[in-house]
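Residue-level structural notes
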Amino acid sequence: MYKEISTFAAYHNVTLVAVSKTKPVEDIKNIYNQGQRHFGENKVQELLSKQEVLPNDVKWHLIGTLQRNKVKYIAPFVHLIHSCESIDLLDTIIKEGNKIDRKLSILLQFHIASEETKHGFEESEIDTILDYFKASERFVNVCGVMGMASFTDDQSIVKQEFTNLQNIFTRVHESKVFDPSIFKEISMGMSGDYKLAVDCGSTMIRVGSAIFGGR
Ligand SMILES: *Cc1c(COP(=O)(O)O)cnc(C)c1O
């Protein structure tokens, strides 16, 4: 059961990433044929097998936990890595990009949910991140921040977490460590909370089940 992509026409000023994880290639083609080009996957292996058979103009987003030894497989084509959550992973992304002379684009994932299980940098690590980039020129495009809110029906909690990510974005932006023409994305909002996320300043929503149906 697909939702027509035109349902999201009201959100033309934000980038809609259609999260196709676990869904077959046929479903992705259906959405692609409606004009959608940004697709997100959370597993490298699944992303690779889909990328192989789908058109070259698909912009692939990696939105899930990324193991360092798998960066090399997606480096040649990935559009944006949302889940950069450690300096070690940053090092690897830069190294693999260097090897093939392709400057990779990433978002800094921050842990904004109250749950312990979600990944990401802590807000307290911002200075460490900025120092890392101040220390030398790094071969990577830092395009913004990403975060996941808590799974809760309490909209006030979700709103507070999204606002927190917006504040983190502003803080990093104002440090002027990153080129503002590149550092401009706030990736937040999923099927259950993308409207609220956009109200809180999201520029990029990652929507799976509301497009492709339940998993
Ligand atoms: C699965 C997933 C989504 C999409 O979730 P839905 O609730 O199906 O919209 C968004 N972001 C991340 C990181 C995900 O893993």
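Refer to the preceding data block for the structure.
Parameters and conventions
Residues numbered from 1 in each chain as written. Predicted model: local features only at pLDDT ≥ 70, side-chain atom pairs only at ≥ 80, totals over all residues. Heavy atoms only, no water. Helix = DSSP H or I, 4+ residues; strand = E, 2+ residues; numbered from the N terminus. Expected span 1.5 Å × (residues − 1). Contact = heavy atoms within 4.5 Å. Near = heavy atom within 4 Å. Areas by Shrake-Rupley, 256 points an atom, 1.4 Å probe, with all protein chains shown as cover. Nonpolar A, V, L, I, M, F, W, Y, C, P; charged D, E, K, R; others polar. Phe/Tyr/Trp six-rings, centres within 6.5 Å; stacked < 30°, edge-to-face > 60°. Buried < 20%, exposed > 50% of the residue type's maximum accessible area, 1.4 Å probe, protein only. Lys NZ or Arg CZ within 6 Å of the ring centre and 35° of its normal. Arc of directions from axis to C-beta.

**Examining helix α6 (residues 155–174)**
Here α6 spans 28 Å end to end across 20 residues, near enough to the 28 Å set by a 1.5 Å rise per residue. Buried-residue contacts for α6 involve β5 (105–110), α5 (126–135), β6 (141–147), β7 (185–187) and α7 (194–199). A positive backbone phi angle near 60° is found at Lys176, which sits one or two residues after α6.

**A look at the site of the ligand**
Near the ligand you find Val19, Lys21, Ile63, Met146, Met148, Met190, Ser191, Arg206, Val207, Gly208, Ser209 and Arg215, and these make up its full shell. When isolated, the ligand has an accessible area of 390 Å², and the protein chains bury 90% of it. For the shell around the ligand, the residue count by class is 6 nonpolar, 3 polar and 3 charged.

**Notes on the packing of aromatic side chains**
Two aromatic rings are characterised by how far apart their centres lie and by the angle between their planes. Enumeration according to the criterion identifies 8 aromatic pairs in this entry. Considering the side-chain rings of Phe39 and Trp60, the 6.2 Å spacing of their centres and the 45° angle between planes classify their relative orientation as tilted. Here the residue Phe39 occupies a position in strand β2 (residues 38–41), and Trp60 occupies one in strand β3 (residues 59–62), the gap between them amounting to 21 residues. Between Phe169 and Phe183, the aromatic rings sit 5.0 Å apart at their centres with planes inclined by 10°, giving stacked as the arrangement. Of this pair, Phe169 sits in helix α6 while Phe183 is found in the loop between α6 and β7, placing the two residues 14 residues apart along the sequence. Among the residues examined, Phe183 registers a relative accessible area of 1% and is labelled buried. In this structure an aromatic cluster arises from ring pairing among Tyr132, Phe133, Phe169, Phe178 and Phe183. Above the plane of the ring of Tyr32 lies Arg37, whose end atom (NZ or CZ) is 3.6 Å from the centre. Positioned above the aromatic ring of Tyr132, the side-chain terminus of Arg138 is 3.7 Å from the ring centre.

**With respect to helix α1 (residues 25–33)**
Regarding α1, the residues found buried are Val25, Asp27, Ile28, Ile31 and Tyr32. The buried side chains of α1 occupy one side of the element, clustering within an arc of 155° when seen end-on. Away from its buried face by more than 90 degrees, α1 exposes Glu26 and Asn33. Of the surrounding secondary structure, the elements contacted by the buried residues of α1 are β2, α2 (44–53) and α8 (209–212). Gly35 sits one or two residues past α1 and shows a positive phi near 105°.

This is a description of form; function is not addressed.
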